[in-house]
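Close look at the chain arrangement
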Amino acid sequence: MAAIDEVEQLDPAALVGLHGRSLLTTQEWPVADLDAVRAVARALAALDRRGIRTPLLPHELAWAVFFDKSTRTKSAWAGAAARLGMHPEIVDGSTTQVSHGETAVETGAMLGMNAHALGVRHDLILGEGNTFMRDVKKGIDDYLDATDDSRCVPIVNLQCDVDHPTQSMADLLWLEDKLGDLADRRITISWAYSPSYAKPLSVAQGLVTLLTRYGAHVTLARPPGYELSDASMEAATANAAGGGSFRVVDDMDEAFREAEVVYPKSWGAHDLMEERVIANALGDSLGLKEIERRAVERNADFTDWICDERRMALTGGGDALYMHCLPADIGDEVTPGVMAAATIDVAREAQWKMYVIMALLATAKVPDLAAALQALASE
Ligand code: CP
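Report follows, based on the coordinates. Quantities reported herein were computed from a predicted structural model and do not represent experimental measurements.

What about the sheet that holds strand E3 (residues 117-122)?
What the four strands build is an open sheet, ordered E2-E1-E3-E4; its pairing is parallel. Strands with a single pairing partner mark the edges of an open sheet, and in this sheet they are strand E2 (87-92) and strand E4 (155-160). Looking at each pair of strands side by side, their axes are set apart by 15° on average, direction ignored. Bridging between E3 and E4 involves four bridges; their strand directions are parallel. Bridge pairing links Gly119 to Val156 in E4.

What about the packing of helix H11 (residues 270-281) against helix H12 (residues 285-299)?
In contact at an axis separation of 9 Å, H11 and H12 are set at 175° when each is read in the N-to-C sense. Taken as axis vectors, H11 and H12 run roughly antiparallel relative to one another. When H11 is examined against H12, the residues Asp271, Leu272, Glu275, Arg276, Ala279 and Asn280 are found in contact with a partner set consisting of Gly287, Leu288, Ile291, Glu292, Arg294, Ala295 and Arg298. For the contact of H11 with H12, the class distribution of residues is five nonpolar, two polar and six charged.

Describing the pattern of salt bridges
Taken as a whole and judged by the stated rule, the model has 23 salt bridges. Ionic pairing is found between Asp253 and Arg310, a salt bridge with its closest N-O pair at 2.9 Å. Here Asp253 is found in helix H10 (residues 252-256), whereas its partner Arg310 is found in helix H13 (residues 309-314), with 57 residues between them in sequence. Residue Asp253 is classed as buried on the basis of its relative accessible area, which comes to 17%. Take Arg310: its relative accessible area is 44%, and that puts it in the partly exposed class. The partner of Asp253 in a salt bridge is Arg311, with the nearest N and O atoms 2.6 Å apart. Placement of Asp253 in helix H10 and of Arg311 in helix H13 is noted, with a sequence separation of 58 residues between them. Using a relative accessible area of 7% as the deciding quantity, one classes Arg311 as buried.

Focus: the nonpolar core
One recurring pattern in soluble globular proteins: nonpolar side chains tend to sit buried together. Ranked by size, the top nonpolar core spans 110 residues in total, and within it Ile189, Tyr322 and Leu373 carry the most contacts. With 14 residues, helix H14 (residues 336-365) is the largest single contributor of residues to this core. In this structure Tyr322 touches Val262, Pro264, Cys307, Met312, Ala328, Val334, Val338, Met339, Ala342 and Val346, once residues within four positions along its chain are discounted. Among the nonpolar cores identified, the runner-up in size contains 18 residues, and Val120, Met133, Ile140 and Ile155 belong to it.

Some points on the sheet that holds strand E9 (residues 321-322)
An order of E7-E6-E5-E8-E9 is seen for the five strands of this open sheet, with the pairing classed as parallel. A strand with exactly one partner marks an edge of an open sheet, and here the two such strands are strand E7 (245-249) and E9. Packing against the sheet, helix H7 (residues 165-179) makes contact with strand E5 (186-191), strand E8 (261-265) and E9, and its axis sits at approximately 150° to E8. Strands strand E6 (217-221) and E7 of the sheet are contacted by helix H9 (residues 230-240), whose axis makes an angle of about 140° with E7.

The rules behind each value
Residues numbered from 1 in each chain as written. Predicted model: local features only at pLDDT ≥ 70, side-chain atom pairs only at ≥ 80, totals over all residues. Heavy atoms only, no water. Pairing = 2+ DSSP bridges. Helix = DSSP H or I, 4+ residues; strand = E, 2+ residues; numbered from the N terminus. Axes fitted to C-alpha atoms, helices over the stretch in contact; angles between N-to-C directions. Parallel < 35°, antiparallel > 145°, perpendicular 65-115°, else oblique. Contact = heavy atoms within 4.5 Å. Nonpolar A, V, L, I, M, F, W, Y, C, P; charged D, E, K, R; others polar. Salt bridge = Lys/Arg side-chain N within 4 Å of Asp/Glu carboxyl O. Buried < 20%, exposed > 50% of the residue type's maximum accessible area, 1.4 Å probe, protein only. Core = buried A, V, L, I, M, F, W, Y, C linked by side-chain atoms within 4.5 Å.

If you want it as structure tokens, here you go:
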């Protein structure tokens, strides 16, 4: 078998520090570690596309709990775990005892006892999801320490209120496939109209914080009232000081003008997302429904925030790369024609997520990973 470059090029020294790591936000990981995970994702993709199996973690349980709906991330988790020889188990959070008040720390202790890796999606309530993941991690780590159990049980953030790191890492891999080095590339992240529901802020927050670390000129466009978190704005501004730039505008046309990449998607109005925190804390389900109704009504003030052919013509050369995390509201966030032209691109963008999750599990759990992958490649 011919050498597989992506596997041959893995640097064992770059992977040592990833052992035992959990990914809760990209911002708290050094760029070198994010790069090492992406290198492993590329190696795993190269092996998979050649039909070479990678059962590095046989008979282990990869448990994921989702407190929100998902298609891509659930199947990416299952696909990643299966390719690593793990047993994937995906659970609806509302069916766990968390819904009866069991704490995240208690839940983590149980998972540390029974599972070998954990994925969590908890993205609907500001201030809750990322905190939940950190508490679960404490429960896992405390249990393993107290019982002298040397197992490593990493947590992968499968989207929270702060970040959607497996999405932004997948997006970064896809961007590099299409553009190579991102330094000085002009990338627009824009709010877009949706009539469906108040979507989490975390995809946009994850993108502005990650892409500003790679020297890109990042523009964020949103209507008044659709601000992202202060923490993500501060992080993006600080990141951009190392090269590239970060600006915020409230005009979608201005954001599209001369962009090389456009990523238009909806998220909820910030003040209503904060109201949702209070209603949720009170267990006020009628109040939550009313806030959701008002959020969709508020969005309707901005139906002209759509990625259409006219706006795509404003971009650099009139042919910017269109990106979306999916699912897109076709006819609202994006016209059918723009989406039809990008159908394969956005599917390829999405597929990187499975290899990112594989890479996170493998780097966290497999000692001498580079050697193990090189051995599989040469079998
Ligand atoms: N992009 C994304 O996370 O998709 P799902 O909600 O279907 O997982």
